[in-house]
Amino acid sequence: MLAVPEMGLQGLYIGSSPEQSPVPSPPGSPRTQESCGIAPLTPSQSPKPEARAPQQAPFSVVVAIDFGTTSSGYAFSFASDPEAIHMMRKWEGGDPGVAHQKTPTCLLLTPEGAFHSFGYTARDYYHDLDPEEARDWLYFEKFKMKIHSATDLTLKTQLEAVNGKKMPALEVFAHALRFFKEHALQELREQCPLLPEKDTVRWVLTVPAIWKQPAKQFMREAAYLAGLVSREDAEQLLIALEPEAASVYCRKLRLHQLVDLSSRAPGSGRLGGRRSIDSSFRQAREHLRRSRHSRTFLVESGVGELWAELQAGDRYVVADCGGGTVDLTVHQLEQPHGTLKELYKASGGPYGAVGVDLAFEQLLGRIFGEDFIATFKRQRPAAWVDLTIAFEARKRTAGPHRAGALNISLPFSFIDFYRKQRGHNVETALRRSSVNFVKWSSQGMLRMSCEAMNDLFQPTVSGIIQHIEALLARPEVQDVKLLFLVGGFAESAVLQHAVQTALGARGLRVVVPHDVGLTILKGAVLFGQAPGVVRVRRSPLTYGVGVLNRFVAGRHPPDKLLVRDGRRWCTDVFDRFVAAEQSVALGEEVRRSYCPARPGQRRVLINLYCCAAEDARFITDPGVRKCGALSLELEPAHPDATGAPPGRREIRAAMQFGDTEIKVTAVDVSTNRSVRAAIDFLSN
C-alpha cells in the first residue's frame, strides 16, 4: 500500500483486535516517498470472501476477435441463437493452399503514421512497393508478443516497425482492433439492417492465459481507443483467455468433430487422413449406456457427445499452441451444469510457431552472415517479408514422414543485395558455408532436406513437450484422461507427431479438433454468450497491500520496528488478498475497508503488491514487487443534519480475483453510494 501521510492521521480500527494500524511507515521505508492519504481499517478483520453472481449486461450479438501473433479474425453469434457461430467473410488475397478464414496479423501505416490497411491487403501492398519507397512506410507484423515480453509495459510503450521506425504500441493495437470493429459491424449491418447500433454488441478479445494483468489492461485500453466500447460501458467488453475459450468450444463438440492422434496411420500427414475419435470411445460409450443418467444429464446441460462419455469430475488439459506462445490450462468438468473448474494456474511460455521462423533466420545467419541478414532486413524490409512468406508456405508442408526435399525461393532482391554487399553470389556462400544440409538448386532456390526442416522445429516443439510434462507432474494434475491440442501451430504434423510420441506412452489420449485453427475464435464467441461457464479459476500470483501490524518481539524483525505515540508497530507487513494457486470462484469477493486521512480528501490511492510465493510476509521480501495501484475517487463530504462537519468516512472496497481480469467496486458506507474505483496495472 502507498505510504500514509504522517500529518493528521490517527489510528482507526474495526473489530475487536487492534493488531493492525494505519500508522505510516518511517522515513527510509520503501513506501515513504509515495503519497496516498489513506488509512486502512483493519484488513485482517475483513469479512470472509463471499460469492456474488455477476450481472449480465443486455446485448443482441457477441463479436469475438481472436487477435493472434501470426493471424487474426473475428466471429459472432446472436443472443437469440447463441451456438450458431458465424465466421467472418473469407479474405481476399492469401497464400495458395491456406484457408482464408483468418488474415495475417499485419498492419500497414503510411509514412505519416495514418492507417492504410491490415491483413493480406497490407502485406500485398507492402510487397508491391518500390524498395526505396517501402523504407518510409510503417509495416508491423507478429507484434502481439511484444506486449507480453515488455517488462515495463505502460501506455507509452513503443513498437518498432520493420523499417526500424517506432510509434506508440497502443496506437498500433488500436488501429488493428478498429479495423476488425468496422468490418464486423459492416457485416452485421448487412445481415441485420434493423439491428440497433447502441448497446447491441458484446465484444470479446482473446489473450494468452499466461499474460499478466498489465498486458490484459493494455488490450482493454487499446479497445477503448479503437472505439469498441466506452469506459462507461466497460462491461460490454470481455477479456477471454485463449485456452479457456478452446476448452469452452471443445466441450460442445461431437465425436465426429475430433481426431484421436493415437489412432492415426503411420505416415499420415494431414489431419483429415486420420480416423476420428468415434471408434476410440465405443467401449466407453457402451459402459455409460448402462448408466444413462450421467450421460443424459450432461447432454441436457449443453455439452457435446465427448463430454457425455466422460464422468463428472474428469480432468483434461488444453494445450493452446499458437503463433507466439504455448498456453496450458487444466479443467475439471462439473455437474450439474457442465461448468468448468480450473485445477492449476495457467502455465506455458514463448514456444509458438514464430520460434520456427526465428530458427530459420538464425540458419540464414549461419550461411550468409548475421550482419548481412540484419542489414538486409533494415534496408530491404519488403523483400524480407517476401522471404518469410516463402518460408511459411514450406513450413506448413513439413511433416515427420515426408521424404522429398523442400525448395525455398529467395527474392531477387536478396540475391542482388548479397552480391553487391559481399562481392560474390549466394551459391558461393552456400558452398563455403559449414551448413551442409542446405544446397543451391538449379532453379535458383534454397534446397533444404526434410531432416533440416524438422530440426528447425525441434527447439520450439521440445519446449512445448517439456511444459506439458512438467504440468502433468504436478500433484494437482493427476488422473488426466485427455489432452486437447488446439491453436494454429497445432495444425503442424511435426508438432502433432512429437506430442503423440512423447505423451501417448503415458496413456494420455491426445485429441485434435477438425477446425483446430478456429477453436479459440469459436470458443471466445461461446464464452461471450455465457462467461460464467468457467466457474473457478486459480490465481496466478499472490496479491495484497502493505500495512502496519502491532510489533511482536521475537516474531517481527527489529529493523521493521516503528515507535509512534508510545505504540510499537511493525512496518511493511504484506496483507494478502489472495494467494498464488488459490482457487477463487467467479464473483467471489475479498473485502477491505479504508478511511481517507483528511475530511475533504477526494482521491485515495493504494499500492498493490504481488509475488509468486504464497508465504511472503513483508512487501520488502525478495520477489515481492509493486504491480499496480487501487484508486478510489470520492465525492465531497457534506455536513450532517446538525451542521457539524463530516466525521471519518469508511470506504468499503470489494475485489474479485476469479474472473479473467481483477475487478474492484467500492461503496461509501456513510451514504451507501458507489465510489468510482479502478485498479491500474500500467502506472509503474
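Residues numbered from 1 in each chain as written. Predicted model: local features only at pLDDT ≥ 70, side-chain atom pairs only at ≥ 80, totals over all residues. Heavy atoms only, no water.

Now for the overall build of the protein chain. Counting its regular elements, the protein chain contains 17 helices and 34 strands. Across the 684 residues that make up the protein chain, the buried fraction comes to 54%. Sequence-distant contacts, at least 24 apart, represent 72% of the contacts inside the protein chain between residues at least 6 apart. Per element, the accessible surface of the protein chain, about 29,400 Å² overall, is 49% carbon and sulfur. (Helix = DSSP H or I, 4+ residues; strand = E, 2+ residues; numbered from the N terminus. Buried < 20%, exposed > 50% of the residue type's maximum accessible area, 1.4 Å probe, protein only. Contact = heavy atoms within 4.5 Å. Areas by Shrake-Rupley, 256 points an atom, 1.4 Å probe, with all protein chains shown as cover.)

So, on to the confidence of the model for the protein chain. Averaged over every residue, the pLDDT of the protein chain is 82; the share at 70 or more is 80%. Within the protein chain, strand 14 (residues 237-241) carries the highest mean pLDDT (97), whereas strand 2 (residues 38-40) carries the lowest (37). Here residues 1-55 scores under 50 on pLDDT; set against residues more than four positions off or in separate chains, the count is 161 contacts. With pLDDT under 50 throughout, residues 265-302 is counted as low confidence; its partners more than four residues away or in other chains account for 63 contacts. (pLDDT = per-residue confidence, 0-100.)

The next subject is the sheet that holds strand 10 (residues 138-141). Within the open sheet, the 3 strands sit side by side as 9-8-10. Their pairing is antiparallel. Two strands bound the open sheet, and with one partner strand each, they are strand 9 (115-118) and strand 10. Ignoring which end each strand starts from, the neighbouring axes of this sheet average 15° apart. Here 4 bridges tie strand 8 (residues 106-109) to strand 10, and the two strands are oriented antiparallel to one another. (Pairing = 2+ DSSP bridges. Axes fitted to C-alpha atoms, helices over the stretch in contact; angles between N-to-C directions.)

Read across the open sheet, the 8 strands follow the order 15-23-22-16-17-18-24-28; overall the sheet is mixed. The outermost strands of the open sheet, each flanked by one partner alone, are strand 15 (258-260) and strand 28 (583-585). Each adjacent strand pair in this sheet contributes to an overall mean axis angle of 30°, direction not counted. Two elements, strand 16 (residues 315-321) and strand 22 (residues 480-486), share 6 bridges in a ladder whose sense is parallel. Across the sheet, residue Val 317 finds its bridge partner in strand 22, namely Leu 483.

Attention now moves to the packing of aromatic side chains. Counted according to the given criterion, the structure contains 26 aromatic pairs. Considering the side-chain rings of Phe 179 and Phe 180, the 5.3 Å spacing of their centres and the 75° angle between planes classify their relative orientation as edge-to-face. Across the pair, Phe 180 and Phe 179 agree in class, each one buried. Taking the centre distance of 6.0 Å and the plane angle of 20° together, the rings of Phe 372 and Phe 376 count as stacked. In this pair, Phe 372 and Phe 376 are both assigned in helix 11 (residues 370-379), 4 residues apart and thus about one turn of the helix distant. Relative accessible area serves as the criterion here: at 1%, Phe 372 is assigned to the buried category. Assessed through its relative accessible area of 0%, Phe 376 is described here as buried. Note that Lys 144 overlies the ring of Trp 211, its terminal NZ or CZ placed 5.7 Å from the centroid. Seen from the ring of Trp 569, Arg 550 lies directly overhead, with NZ or CZ sitting 5.1 Å from the centre. (Phe/Tyr/Trp six-rings, centres within 6.5 Å; stacked < 30°, edge-to-face > 60°. Lys NZ or Arg CZ within 6 Å of the ring centre and 35° of its normal.)

Relative to the elements of secondary structure, Gln 186 occurs in helix 4 (residues 169-191). The class for Gln 186 is partly exposed, based on a relative accessible area of 33%.

Burial within strand 27 (residues 567-578) is extensive, with 9 of its 12 residues counted as buried. Here strand 26 (residues 561-564) pairs with strand 27 via 4 bridges, running antiparallel. Residue Val 563 lies in a different strand from strand 27, and its bridge partner there is Arg 568. In this antiparallel pair of consecutive strands, strand 26 and strand 27, the connection spans 2 residues, and Asp 565 shows a positive phi of 55°.

Moving on, we get to the pattern of salt bridges. Taken as a whole and judged by the stated rule, the model has 31 salt bridges. Salt-bridge contacts for Arg 220 lead to Glu 661; the nearest nitrogen and oxygen are separated by 2.8 Å. On the criterion of sequence distance, the pair formed by Arg 220 in helix 5 (residues 213-226) and Glu 661 in the loop between strand 32 (651-656) and strand 33 (663-668) is long-range, its members being 441 residues apart. For the pair Arg 220 and Glu 661, a shared accessibility class is recorded, and that class is buried. One connected set of salt bridges, linked through shared partners, spans Lys 142, Asp 357, Glu 392, Lys 395, Arg 396 and Glu 491. (Salt bridge = Lys/Arg side-chain N within 4 Å of Asp/Glu carboxyl O.)

To continue, consider the nonpolar core. Grouped together as the largest cluster of nonpolar side chains are 65 residues, with contacts concentrated most on Phe 368 and Leu 485. Broken down by element, the residue count for this core peaks at 11 residues, all from helix 15 (residues 450-472). Every residue in contact with Leu 485, bar those within four places of it in the chain, is listed here: Leu 261, Ala 319, Cys 321, Ala 490, Gln 496, Val 499, Val 510, Val 511, Val 512, Pro 513 and Val 516. Counting 51 residues, the second largest nonpolar core, distinct from the first, contains Ala 161, Met 167, Leu 170 and Ala 176. (Core = buried A, V, L, I, M, F, W, Y, C linked by side-chain atoms within 4.5 Å.)

Time to look at the side chain of Asp 668. Inspection of the secondary structure assignment puts Asp 668 in strand 33. One polar contact links Asp 668 to Ser 670, side chain to side chain, over a distance of 2.7 Å. In this structure, Asp 668 is in contact with Arg 649, Glu 650, Ile 651, Arg 673 and Val 675, ignoring residues within four places of it in sequence. (Polar contact = N/O pair within 3.5 Å; in protein donor to acceptor, adjacent residues only side chain to side chain.)

Turning next to the pairing of strand 16. Along any regular strand the residues' side chains alternate between the sheet's two faces. Of all 7 residues in strand 16, 6 are buried; the element is thus mostly enclosed. Bridge count between strand 16 and strand 17 (residues 326-333): 7 bridges; the pairing is antiparallel. The residue bridging Arg 315 from the neighbouring strand is Gln 332, located in strand 17. The loop that links strand 16 with its antiparallel partner strand 17 comprises 4 residues.

In contact at an axis separation of 10 Å, helix 15 and helix 16 (residues 493-503) are set at 40° when each is read in the N-to-C sense. With respect to their mutual orientation, helix 15 and helix 16 come out oblique. The crossing of helix 15 and helix 16 is right-handed. Within the contact between the two elements, helix 15 uses Asn 454, Phe 457, Val 461, Ile 464, Ile 465, Ile 468, Glu 469 and Leu 472 and helix 16 uses Val 494, Leu 495, Ala 498, Val 499, Ala 502 and Leu 503. Its residues assigned to classes, the contact of helix 15 with helix 16 comprises 12 nonpolar, 1 polar and 1 charged. (Parallel < 35°, antiparallel > 145°, perpendicular 65-115°, else oblique. Left-handed = near helix turned anticlockwise from the far one by under 90°. Nonpolar A, V, L, I, M, F, W, Y, C, P; charged D, E, K, R; others polar.)

For the rest of this paragraph, the subject is the packing of helix 10 (residues 354-368) against helix 12 (residues 381-395). It is the contact of helix 10 with helix 12, at a shortest axis distance of 11 Å, that shows an interaxial angle of 120°. As judged from the angle between their axes, helix 10 and helix 12 are oblique. Considering how the two elements wind past one another, helix 10 and helix 12 form a crossing that is right-handed. Seen from helix 10, the contacting residues are Val 356, Asp 357, Phe 360, Glu 361 and Leu 364; seen from helix 12, they are Trp 384, Leu 387, Phe 391, Glu 392 and Lys 395. In terms of residue class, the contact of helix 10 with helix 12 is built from 6 nonpolar, no polar and 4 charged.

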